[in-house]
Amino acid sequence: PVSSGTLAALDLLQVSVDGAVAHIRLNRPAKRNALSDPLIQQLHTAFVNLPQAVGAVVLSGEGEHFCAGLDLSELVERDVIGGVLHSRMWHAAFDQVQFGRVPVIAVLHGAVVGGGLELAAACHVRVAEASAYFGLPEGQRGLFVGGGGSARIPRLIGVARMSDMMLTGRVIDAEQGVQAGLAQYLVPDGEGLAHGIALARRIATNAPMSNFAVMHALPRIADQSQSEGLFTESLMAAVAESTPDAQERLRAFLDKRAGKVLKG
Ligand code: 1HE
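Residues numbered from 1 in each chain as written. Predicted model: local features only at pLDDT ≥ 70, side-chain atom pairs only at ≥ 80, totals over all residues.

> How do you make sense of the site of the ligand when you look at a structure like this?
Every one of the 24 residues lining the ligand counts as a neighbour, but Ala68, Gly69, Leu70, Gly114 and Gly146 are closest to it. The set of elements that each furnish at least two residues to the shell around the ligand consists of α2 (80-98), β5 (111-113) and α4 (138-141). Here the shell around the ligand is built from residues that sort into 10 nonpolar, eight polar and six charged. (Near = placed C-beta within 6 Å. Helix = DSSP H or I, 4+ residues; strand = E, 2+ residues; numbered from the N terminus. Nonpolar A, V, L, I, M, F, W, Y, C, P; charged D, E, K, R; others polar.)

And the structure:
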């Protein structure tokens, strides 16, 4: 665990750094890691203050569930402008997750619902333990998504699947979630963290420019027309391949000092 500084002061998160991997854990288990305003602000703070040595982050939840979504106890007194600003605060925080400096791997177990699924959708890779389940109970609660879910979740699973989840309250289990594209890895209960950390270690060995391109260029290219996307791709490719890092990695392969691409 980090012992001093900005990250150590965050009481609703547990942050530890081991070499190139930071582990950020939602730490409000008594409330099922419900996302209160202070927790959203602490997530924002944590992601903008990652130590320079960190090359990837693992995000998980303490207790029985990843995250129960919006803290419903805070909603009762909010007026319209308060609601807009609240949603924009979530957007600012989750933007730091998706468009920050390093890739984020979410490790999911138990409830991944409402705003919890919105948070997971802002991450770059999702690992689901068998216990994980996904739901969007906003319809049931008289709400709409406000944490970026309407922009991010259809990009993972399509508008039809998200509409079904919101309209019918359908809950999707871990296996169905992986099939639908909500998560990329399905692992037995208790193995998610080790799996997520192993992925993060591997991701952190990539060239920083390649990781940056995947995080920042890929989703934007997907939003562009084919013609604009191909042009952006060429620019990004030229930037990446002309870094000293890329040059050295290419030389290493040609000198037979680098690993081959092997299956398994
Ligand atoms: C909460 C919250 C919460 C639990 N806000 N306090 N999200 C939801 O609609 C999900 C609501 N929560 C649940 O359905 C269940 O709590 C769970 C399935 C997640 C977990 O069940 P369980 O049996 O393990 O826990 P519990 O007994 O229901 O809850 C334990 C405590 O956490 C209890 O408080 P206590 O003081 O009585 O001990 C719960 O009230 C509290 N708790 N979830 C506040 N969400 C930007 S827009 C996003 C919109 C949304 O996210 S809508 C979806 C909201």
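> What exactly am I supposed to notice about the domain arrangement of the protein chain here?
Where interface size is quoted, it is often the accessible area lost as the parts come together. Per the domain assignment, the segments of the protein chain are domain 1 (13-204) and domain 2 (208-254). Using C-alpha coordinates to define each centre, domain 1 is positioned 27 Å away from domain 2. (Domains from an automatic or database assignment.)

> Help me understand the sheet that holds strand β8 (residues 172-173) in this model?
The pairing of strands in a sheet happens through backbone hydrogen bonds and is either parallel or antiparallel. Taken in spatial order, the three strands line up as β5-β7-β8 in an open sheet, and their pairing is mixed. Two strands close off the open sheet at either side, each with one partner strand: β5 and β8. As paired elements, strand β7 (residues 133-135) and β8 share two bridges and run antiparallel to each other. From the neighbouring strand, Tyr133 faces β8, where its bridge partner is Asp173. Contacts between helix α3 (residues 115-122) and the sheet are confined to β5 and β7, with β5 contributing the most and set at about 85 degrees to the helix. (Pairing = 2+ DSSP bridges. Contact = placed C-beta atoms within 7 Å. Axes fitted to C-alpha atoms, helices over the stretch in contact; angles between N-to-C directions.)

> In this structure, what is going on with the packing of helix α5 (residues 149-157) against helix α6 (residues 159-168)? I would like to understand it.
Helix packing for two helices is described by the angle between their axes and how far apart those axes are. Axis separation between α5 and α6 bottoms out at 7 Å; the angle between their running directions is 120 degrees. As summarised for this structure, α5 and α6 are arranged oblique, according to the angle between their axes. Here Ile153, Pro154 and Ile157 of α5 come into contact with α6, specifically with Val159, Arg161 and Met162. Class assignment for the residues of the contact of α5 with α6 results in five nonpolar, no polar and one charged. (Parallel < 35°, antiparallel > 145°, perpendicular 65-115°, else oblique.)

> Honestly, the pairing of strand β2 (residues 21-26) in this entry has me stumped. Any pointers?
Regular strands have side chains that alternate between both faces of the sheet. β2 sits mainly inside the fold: six of its six residues count as buried. Covered by surrounding structure in β2 are Val21, His23 and Arg25 together with Ala22, Ile24 and Leu26, the residues of both alternating faces. Bridging between strand β1 (residues 13-18) and β2 involves six bridges; their strand directions are antiparallel. Within β2, the position partnered with Asp18 by the bridge is Val21. With antiparallel pairing between neighbouring strands as the criterion, β1 and β2 make up a hairpin whose turn holds two residues, including Gly19 at a positive phi of roughly 60 degrees. Taken together, the six bridges between β2 and strand β3 (residues 56-61) define a ladder with parallel strand orientation. Among the inter-strand pairings, Ala22 is bridged to a residue of β3, identified as Val57. With helix α1 (residues 37-48) bridging β2 and the parallel β3, this β-α-β connection has right-handed handedness. (Buried ≥ 20, exposed ≤ 12 C-beta atoms within 10 Å, placed from the backbone. Right-handed = clockwise from strand over helix to strand, strands pointing away.)

> What's the story with the confidence of the model for the protein chain in this structure? I'm lost.
Reading predicted coordinates in detail is not appropriate for stretches of low pLDDT. On average, the protein chain scores 96 in pLDDT, and the residues at 70 or more come to 100%. When pLDDT is averaged over each helix and strand of the protein chain, the minimum, 92, is found for α4 and the maximum, 99, for strand β4 (residues 104-108). As scored by the predictor, the complex reaches a pTM of 0.97 and an ipTM of 0.98. (pLDDT = per-residue confidence, 0-100.)

> What should I look at first to understand α3 in this one?
Each α-helix winds once per 3.6 residues, and so residues spaced three or four apart point in a common direction. The element α3 is largely enclosed, with a buried count of eight among its eight residues. When we look at burial in α3, the residues that qualify are Gly115, Gly116, Leu117, Glu118, Leu119, Ala120, Ala121 and Ala122. Close packing links the buried residues of α3 with α2, β4, β5, β6 (125-129), β7 and α5.

> Even after reading the chapter, I still don't get unusual backbone geometry, so can you show me in this structure?
Residues apart from glycine generally show negative phi values, whereas peptide bonds are mostly found in trans. Here the phi dihedral of Arg32 falls at roughly 55 degrees; this positive angle occurs in a residue that is not glycine. Inspection of the secondary structure assignment puts Arg32 in the loop between β2 and α1. Using a count of 21 C-beta atoms within 10 Å as the deciding quantity, one classes Arg32 as buried. Notably, Asn33 is not glycine yet its phi reads approximately 60 degrees, a positive angle. Within the secondary structure, Asn33 is located in the loop between β2 and α1.

> Quick question: what am I supposed to make of the sheet that holds β1 here?
Strand order in the open sheet made by the six strands is β1-β2-β3-β4-β6-β9, with mixed pairing throughout. Lying at the two open borders of the sheet, with one neighbouring strand each, are β1 and β9 (185-187). Across the sheet, the mean angle separating the axes of adjacent strands is 20 degrees when strand polarity is ignored. Together, β2, β3, β4, β6 and β9 form the strand contacts of helix α8 (residues 192-204), whose direction differs from that of β3 by roughly 165 degrees.

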